[in-house]
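Listed below are the residues making up each chain.
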Amino acid sequence: MKRLSVVLLLLMMIGLQCDAMRTTYTLQSGWTVIDGEHTYHTSIPATAMGVLIENGVYSENILEGLNYKTFDRSIFDHPWLFRNRFQLPALHAGQHVFLKIDGLSYSANIFVNGKIVAKRDSVRGPFRQYMLDITRYMQTSNQLDIQLFRAQQGDPNIGFVDWNPRPADESMGIFRKVSLEVVDDVLMQNTAVFSKVNTETLKEAWLTVETDLTNLTGHAVKGALVGHIGTDIPINLPVTLKAGEHRKVTITPDEIRRLHIINPRLWWCNNMGKPEMYDLTLRFEIGSKLCDNNKVSFGIREIKDYLTPEGYRGYTLNGRKVLIRGAGWTDDIFMRDTPERYSRQIEMVKDMNLNTIRLENIWGNSDDFFDLCDRNGILMLAGWSCQWEWAEYVGNVKEDKYGCINTAQGMDLLVQQLHDQVLHLRNHPSIICWLIGSDKLPRPDLEQRYRGMLSLIDDRPILCSAQHIVSDISGSSGVKMFGPYEYVGPSYWYEDTTHGGAYGFNTETGIGAQLPVRESVKRMIPANKLWSISGNEYYNYHCTASKTAMNNLDVLTDVINRRFGGADDLNDYLKKADLLNYEGTRAMFEAFRANIPNTTGIVQWMLNSAWPSLYWQLYDFYGVPTAAYYAVKAANQPRQLIYNYKDRSVYAVNETSAPSTVKASLKLYDLQSQQLQQSDSTLTVEPYTSTRVFTLKDFKDMAFLFLNMEENGKAVAENQYCLTEKNDVYDWKKSTWYYTPMTETAQMQSLSDLPRVKLKVNAHRVGPSVEVTVTNESSALAFFNTLVLRQANGNAVAYSHWTDNYFTLLPGESRKVTCSLYGPAEKLSLSLRGWNTKEQIVSISKTTPK
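Numbers given for residues are sequential positions, taken from 1 along each chain in its written order. The model is predicted, so local features are restricted to residues of pLDDT at least 70 and side-chain atom pairs to those at 80 or more, both for listing and for counting; the totals for chains, interfaces and linings are taken over all residues. Side-chain figures throughout are based on the complete set of non-hydrogen atoms in the structure, without hydrogens or water.

Turning to the overall build of the protein, a few remarks are in order. Only DSSP runs of H or I covering at least 4 residues are called helices, and only runs of E covering at least 2 are called strands; the numbering of each starts at the N terminus. Broken down by element type, the protein carries 13 helices and 51 strands. Values of the radius of gyration come from C-alpha atoms, whereas the globule rule sets the reference at 2.2 Å times the count of residues to the power 0.38. Rg of the C-alpha trace for the protein: 28 Å, near the compact-globule value of 29 Å for 850 residues, within the 12% margin. Dimensions of the protein, computed from C-alpha atoms along their principal axes, come out at roughly 90 × 65 × 60 Å. Relative accessibility decides the category of a residue: with a 1.4 Å probe and only protein chains considered, values under 20% of the type maximum give buried, values over 50% give exposed, and everything between is partly exposed. Looking at the protein as a whole, 63% of its 850 residues are labelled buried. Residue contacts follow a heavy-atom distance rule, with two residues in contact if any of their heavy atoms lie within 4.5 Å. If you take every contact in the protein between residues at least 6 apart in sequence, the share linking residues at least 24 apart comes to 70%. Per-residue and other accessible areas follow the Shrake-Rupley method at a 1.4 Å probe size, with only the shown protein chains counted as cover for residues. Roughly 32,200 Å² of accessible area belongs to the protein as shown, and the carbon and sulfur atoms make up 49% of that amount. The positive count covers Lys and Arg only, the negative count covers Asp and Glu only, and His and the chain ends enter neither. A charged residue contributes its charge at one atom only: NZ of Lys, CZ of Arg, CG of Asp or CD of Glu. The protein carries 88 positive and 93 negative side-chain charges, and their two centres are separated by 3 Å.

Okay, structure coming up:
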């Protein structure tokens, strides 16, 4: 009994995950990191910089203020050693042990029990995956040493481009799973399921199962692939393998008729249906001996791309057109994301009604990231970073129209990295294409190699570049990347027809600075540096890392000065920046929806931030939504009314799968809260269409527009707009890759003359959430009211989001909103601040069970 207890304890220490045949020992905890005379303790995933913070060498505020600006990066110039000691039960005849490494950066020498099993000339590249046979080195007590070297200039490493300062350690570390895989006689790898759907009826689908088998013995074996999909599709296929043979085995409906499925549960993206998932369990048996097994989850769906008559690329899911509406993802600067943080962020993506994430880099330090997108119906555009396409970022190489990777060795590595990633990720239904270029094209011979390799292992569409570009190999990309990346007003998206405006597929764009709430700004910037902003190196440092543009808040400040007459203090500046952020970001998404079918996709640059940032984020580094978060949520409701800033009309859109008969309502008010217009209409809106419903009457100075959509007397969607008599005027001839300047700006100074109003606030806890009711007790409207939930230390609560925020209340109107909480949250307070009301701080102490 004592011996059994010791064995069980040892297995628990190394994170045993045991299936019926293959035994997986996950080496997650118990790692020692050695840097010369310094020794640290950690768990995987971890980079060197993350290890130092975890062990208290540097504090969590290393990224705040200017702390990181003068960081000594030379401590990573020499190799670091990651060590794990583990126990392994005695192997029986025929068993083999493989060391599986899913991701490390940048190169490594790997030792087992003092013997080198792989050298850094073959273990290099962050997107390579390794399956090393270490059977002959195994003992009962073992030591794994991974000697890591950081990336050098010219290496195609994990890339943050100009989004933020580079990781001080260049991401040196083990950032994905490490495990021991113990199998018998035959190794099974890369099991996948491919699906074809009857896109006319959606009532049948055809599945193809594929797996790679390797006979590890010196003699022929006769066995069978045995398994099942769900509970009702059995699989049994005899297989004979020669001695040492490696073979890809494909099972089609011709071999197993039940792989032709009637009435399949299809996988759909967010707002189009339910993302149904299936499980496949497959094992290889030799008589009664169970050699190896794989279990994979997959979705039954069919992805295709197409070109419109204008040459714009679009995508269909199960035969239905999808308007891509997404944002660009980044991992934490030191690769410290956790499954919980991934879960919270994907939930926020879904809460914003988005359907897509773009990965410039194949991000994620665990499969949890991709699994969450599968289960939540979030599409993924996955591919390479422009980090390798610009000499400024990859370093020490010459740059041309194809980027910076121009050697045979470099191209070999890129092909092998993509090969490994596709094999690992191809079962995820959320991934809809592979981007083999970003700002540029791959070299013609490299593109041919990519496409040849991908044709053998996957069936997704391939996109040659995220830029508007023509390939000699594959033709037009059919997408564009013309910016902007700095502030433009709401009307830009409707008026522009040659740059980033609402036509075609814009793969990355945005309005530049998207400032966090005041509570987050105070964490980033020292108290004595909070005001003023112009020429403030602290603010500048937390903009982008670009050397050419977007490295200060000058553009935003100029718009605030010209549109509002300036700002009096930080609170005033943030209030006005939030309004610009909200109105501009919402219009970007809404314009692409209102212009269907002339639009096929829009990707906000970016979704999140790798470090405390002031630019390109829908929620900040601390997990707190910006004003843009709620703008995106308002702009992407499945069915809603949208105001078109160009023709001053209101459009109804429907991105569900069925026609919708709704009642549309419009109300327009002036600055004195007097009604200028009221209109109602009942109409049927077809799927994937945009229908004009109303046209606004002329008004003077400014007006407030309220749009509502109802179905059978129940609210479907609402939208509120702050409008100006005249739109911004753009100097189109002076447009650059990141910005179109304005010769005249819309005028909003009159907002400072809004009558002061009194708001009544009632806030209390209800289970894992906070419910707040705000009532306007005045005879004037209460404009642009913001709610921030705060902890006892004054920080905004992370990853908590309201059902609505930044809203306007008409006289006498009440609004009830809810904020979801995650984990323990005591001694909370609520800040309510609006444009024409005094800030209120409300304590939230009572908990009411729900």
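Turning our attention to the sheet that holds strand β29 (residues 431-435). Strand pairing is defined by DSSP finding a minimum of two bridges between the two strands. What the seven strands build is an open sheet, ordered β30-β29-β28-β27-β26-β34-β33; its pairing is parallel. A single partner strand is all that each edge strand has here, and the edge strands are β30 (462-463) and β33 (504-509). As paired strands, β29 and β30 are joined by two bridges and run parallel to one another. Looking at β30, one finds that leucine 435 is bridged to leucine 463.

All right, on to the packing of aromatic side chains then. Two aromatic rings from Phe, Tyr or Trp, using only the six-membered ring of Trp, form a pair when their centres are within 6.5 Å; if the ring planes differ by under 30 degrees the pair is stacked, by over 60 it is edge-to-face, and anything between is tilted. With the rule as written, the count across this model stands at 45 aromatic pairs. Relative to tryptophan 363, the ring of tryptophan 163 lies with its centre 6.4 Å away and its plane at 50°, an arrangement referred to as tilted. A residue pair is termed long-range when its members are at least 10 positions apart, and tryptophan 163 in the loop between β12 (141-149) and β13 (173-174) and tryptophan 363 in the loop between β27 (356-360) and α4 (368-376) qualify at 200 residues. Each ring, one from phenylalanine 564 and one from tryptophan 835, has its centre 5.9 Å from the other, and the planes form 40°; the classification is tilted. Of the two residues, phenylalanine 564 sits in helix α11 (residues 554-564) while tryptophan 835 sits in the loop between β49 (828-833) and β50 (840-844), which places them 271 residues apart along the sequence. Overall, the relative accessible area of 6% leaves tryptophan 835 in the buried class. Among the aromatic residues, those joined into a ring-pair cluster are Phe564, Tyr582, Tyr629, Tyr630, Phe704, Phe783, Phe784, Tyr806 and Trp835.

Moving on, we get to the packing of helix α6 (residues 408-425) against helix α7 (residues 444-457). The convention used is that axes are lines fitted to C-alpha atoms, helices contributing only their stretch in contact, and that angles between N-to-C directions extend from 0 to 180 degrees. Two numbers describe how α6 lies on α7: the axes approach to 10 Å, and their chain directions differ by 25°. Relative to α7, the element α6 lies roughly parallel. Once α6 is placed against α7, the crossing between them reads as right-handed. Of the residues in α7, those in contact with Met411, Asp412, Leu414, Val415, Leu418, His419, Val422 and Leu423 of α6 are Asp445, Leu446, Arg449, Tyr450, Met453, Leu454 and Ile457. Classifying every residue of the contact of α6 with α7 gives eleven nonpolar, one polar and three charged. Note that the term roughly parallel is reserved for angles under 35 degrees, roughly antiparallel for angles over 145, roughly perpendicular for angles of 65 to 115, and oblique for everything else. Left-handed is the label given to a crossing in which the near helix is rotated counterclockwise from the far helix by less than a right angle, and right-handed is the label when the rotation is clockwise. Residue type decides the class: Asp, Glu, Lys and Arg count as charged, Ala, Val, Leu, Ile, Met, Phe, Trp, Tyr, Cys and Pro as nonpolar, and the leftover types, Gly among them, as polar.

Here we come to the sheet that holds strand β5 (residues 46-47). Pairing is antiparallel across the open sheet formed by three strands, whose spatial order is β5-β13-β8. Each of the sheet's edge strands pairs with one partner strand only, and the pair in question is β5 and β8 (104-105). With two bridges connecting them, β5 and β13 associate as antiparallel partners. Of the residues in β13, the one forming a bridge with threonine 47 is glycine 173.

In this fold, threonine 557 is placed in helix α11. Take threonine 557: its relative accessible area is 11%, and that puts it in the buried class. Polar contacts involving the side chain of threonine 557 include one to the side chain of tyrosine 573, which spans 2.7 Å. Sequence-distant contacts of threonine 557, that is, excluding residues within four places in its chain, are made with Ile533, Ser534 and Tyr573. Nitrogen and oxygen atoms within 3.5 Å of one another constitute a polar contact, given that in protein one can donate a hydrogen and the other can accept it, and given that sequence-neighbouring residues count only through two side-chain atoms.

This paragraph deals with unusual backbone geometry. For the bond running from serine 105 to tyrosine 106, omega is 0°, close enough to zero to count as cis. Between tryptophan 531 and the following residue, serine 532, the backbone shows a cis peptide bond with an omega angle of 5°. Note that serine 532 resides in the loop between α9 (518-524) and α10 (537-541). Of note, the phi angle at asparagine 113 is positive, near 50°, even though the residue is not glycine. Tracing the sequence through the fold places asparagine 113 in the loop between β9 (107-112) and β10 (115-118). What makes asparagine 113 partly exposed here is its relative accessible area of 21%.

On to helix α12 (residues 570-594). To estimate the expected span of a helix, count its residues, drop one, and scale the result by 1.5 Å. Helix length check: α12 (25 residues) gives 35 Å between terminal C-alpha atoms against 36 Å at 1.5 Å per residue, within 8%. Within α12, 23 of the 25 residues are buried, leaving the element largely enclosed by the surrounding structure. Sitting at the amino-terminal end of α12 is aspartate 569, which places a side-chain oxygen 3.3 Å from the backbone nitrogen of asparagine 571.

Criterion for a disulfide: a pair of cysteine sulfur atoms at a distance within 2.5 Å. Enumeration according to the criterion identifies zero disulfides in this entry. Cysteine cysteine 373 shares no disulfide, and the gap to the nearest cysteine sulfur, in cysteine 269, comes to 12 Å. The thiol of cysteine 433 is not disulfide-bonded; the next cysteine sulfur, from cysteine 464, is found 11 Å away.

Moving on: the confidence of the model for the protein. Each residue carries a pLDDT score, the predictor's confidence in it, ranging from 0 to 100. Scored by pLDDT, the protein has a mean of 95; 97% of the residues are at 70 or more. The low-confidence segment residues 1-20 (pLDDT under 50) makes 23 contacts with residues lying over four places distant or belonging to another chain.

Here we take up the pattern of salt bridges. Each salt bridge in this description consists of a side-chain nitrogen of Lys or Arg and a carboxyl oxygen of Asp or Glu lying within 4 Å of one another. Throughout the structure, instances matching the rule amount to 50 salt bridges. Between arginine 518 and glutamate 839 there is a salt bridge; the shortest N-O distance is 2.8 Å. Placement of arginine 518 in helix α9 and of glutamate 839 in the loop between β49 and β50 is noted, with a sequence separation of 321 residues between them. By sharing partners, the salt bridges in this structure join Glu60, Asp332, Arg336, Asp337 and Arg341 into a single network.

Attention now goes to the environment of glutamine 840. Mapping glutamine 840 onto the fold places it in strand β50. Counting along the chain gives 212 residues from glutamine 840 to alanine 628, while the straight-line C-alpha distance between them is 23 Å. Those residues in contact with glutamine 840, other than ones at most four positions away along the chain, are Leu759, Val761, Leu830, Ser831 and Leu832. Within the structure, the side chain of glutamine 840 is placed 2.8 Å from the backbone oxygen of leucine 759, a separation counted as a polar contact.

Attention shifts here to the packing of α11 against α12. Relative orientation of the contacting elements α11 and α12 amounts to 95°, with a least axis distance of 10 Å. The pairing of α11 with α12 is recorded here as roughly perpendicular in orientation. On α12, the residues that touch Leu556, Thr557, Val559, Ile560, Arg563 and Phe564 of α11 are Tyr573, Lys576, Ala577, Leu579 and Leu580.

Moving on, we come to helix α13 (residues 627-635). Extensive coverage of α13 is indicated by the burial of nine of its nine residues. Against α3 (339-351), α12, β35 (639-644) and β41 (714-724) lie the buried residues of α13.

This part is about the side chain of aspartate 458. For aspartate 458, the position within the fold is in the loop between α7 and β30. The exposure class of aspartate 458 is buried, given its relative accessible area of 11%. At 2.9 Å, the side chain of aspartate 458 and the side chain of arginine 460 are in polar contact. When residues no more than four places from it in sequence are discounted, the contact partners of aspartate 458 are Phe194, Val422, Arg426 and Trp434.

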